[in-house]
Amino acid sequence: VLSMRSRDVAVSDHDSHDLVVGHSAGWADAIKRATLVAPTEATVLLQGESGTGKEVMARLIHTKSPRGNRPFVAINCAALPENLLESELFGYERGAFTGAQQTKPGQVEIAAGGVLFLDEVSEMSLAAQAKFLRFLQEREFQRLGGTRVVKTNVRIIAATNRDLQQAMERGSFRHDL
C-alpha cells in the first residue's frame, strides 16, 4: 500500500513518459516504494487524496516493471454503473443481453500481459468485489453470458481516495479483497 498526500505531490503527464516531480520526504518515500515494488508481480493498492497523482504513480510502477512494454489499461470504477462494471471488466458473449450482438473482450483480457489499473476501487459494489476477488485468486473468469473459462495474466494496481479500513468496518468493502 502506497499512501500519498496532496501536500507531497506535484505531477505532470505532458507526454508519453509520465514525469513525476516532488520535493517532500513523503513523495520521495512514495517514489522509492513504487520503484521497489515495480519489478515484482505484487498487486498494489495506492491510497491518497484526489489529485495526488495515483494514476501517474501507477503508470510509473508499470513503466519500471517487466510489463512496461505491455498494455496499461485504466478503469474508473466510480464512473461505471454496477451493471456495466462486470461486462466492462470481463466482457460478454454475443446474446448475453439485449443489444449484445457480438462478443466483446473485457478490459482484463485487453490488459493481458500488462497492468489493469482500477481507479476508485472502493466504489465497486459488494457483488462486483466478490466477482473480482474470484478473478484475483484464480486469474480466470467467464465473460458475461459465457460458459468458457478464460485465463489471463495481468497485474492489478488499484487506487482509492477512501479510508478502506473504515469502509471494511462499515461493511461496504470486503476485507479479503
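All of the points below concern the structure found in this document. (Residues numbered from 1 in each chain as written. Predicted model: local features only at pLDDT ≥ 70, side-chain atom pairs only at ≥ 80, totals over all residues. Heavy atoms only, no water.)

1. Structural notes on the overall build of the chain
Here comes step 1: The number of helices and strands found in the chain is 6 helices and 11 strands.
Here comes step 2: Each of the 177 residues in the chain was classed as buried or not, and the buried ones make up 42%.
Here comes step 3: Of the contacts made within the chain by residues no fewer than 6 positions apart, 69% connect residues no fewer than 24 positions apart.
Here comes step 4: Accessible surface computed for the chain: about 9400 Å², of which carbon and sulfur atoms make up 49%. (Helix = DSSP H or I, 4+ residues; strand = E, 2+ residues; numbered from the N terminus. Buried < 20%, exposed > 50% of the residue type's maximum accessible area, 1.4 Å probe, protein only. Contact = heavy atoms within 4.5 Å. Areas by Shrake-Rupley, 256 points an atom, 1.4 Å probe, with all protein chains shown as cover.)

2. Overview of the pattern of salt bridges
Here comes step 1: In total, this model carries 11 salt bridges according to the counting rule given.
Here comes step 2: We note a salt bridge from D29 to R33, for which the minimum N-O separation is 3.7 Å. Here D29 and its partner R33 are both found in helix α1 (residues 25-37), 4 residues apart, which amounts to about one turn of the helix.
Here comes step 3: Residue classification places D29 among the partly exposed positions, given a relative accessible area of 38%.
Here comes step 4: Three or more residues are tied together by salt bridges with common partners; here these are E93, E109 and R143. (Salt bridge = Lys/Arg side-chain N within 4 Å of Asp/Glu carboxyl O.)

3. So, the packing of aromatic side chains
Here comes step 1: Summed over all chains, the structure comprises 6 aromatic pairs.
Here comes step 2: Members of the aromatic cluster, connected to one another through ring pairs, are F90, F132, F135 and F141. (Phe/Tyr/Trp six-rings, centres within 6.5 Å; stacked < 30°, edge-to-face > 60°.)

4. Overview of the layout of surface pockets
Here comes step 1: Reported here for the largest pocket is a volume of approximately 220 Å³.
Here comes step 2: Lining the largest pocket are 16 residues, and of these L45, A158, L164, F173 and L177 sit closest to its centre.
Here comes step 3: If you list the elements that add at least two residues to the lining of the largest pocket, you get β4 (44-48), α5 (126-138), β11 (155-160) and α6 (164-170).
Here comes step 4: Broken down by class, the residue content of the lining of the largest pocket amounts to 13 nonpolar, 2 polar and 1 charged.
Here comes step 5: In this structure, the second largest pocket encloses a volume near 180 Å³.
Here comes step 6: Residue lining of the second largest pocket: E86, F90, K131, R134, F135, E140, F141, Q142, R143, L144, G145 and V149, and that is the complete set.
Here comes step 7: Only α3 (82-90), α5 and β9 (140-142) provide two or more residues apiece to the lining of the second largest pocket.
Here comes step 8: A breakdown of the residues in the lining of the second largest pocket according to their chemical character gives 5 nonpolar, 2 polar and 5 charged. (1 Å grid on protein atoms, 1.4 Å probe; cavity = no way out; pocket = protein on both sides within 12 Å on 5 of 7 lines; lining within 4 Å. Points joined across faces, edges and corners; volume = space filled by probe spheres on them. Nonpolar A, V, L, I, M, F, W, Y, C, P; charged D, E, K, R; others polar.)

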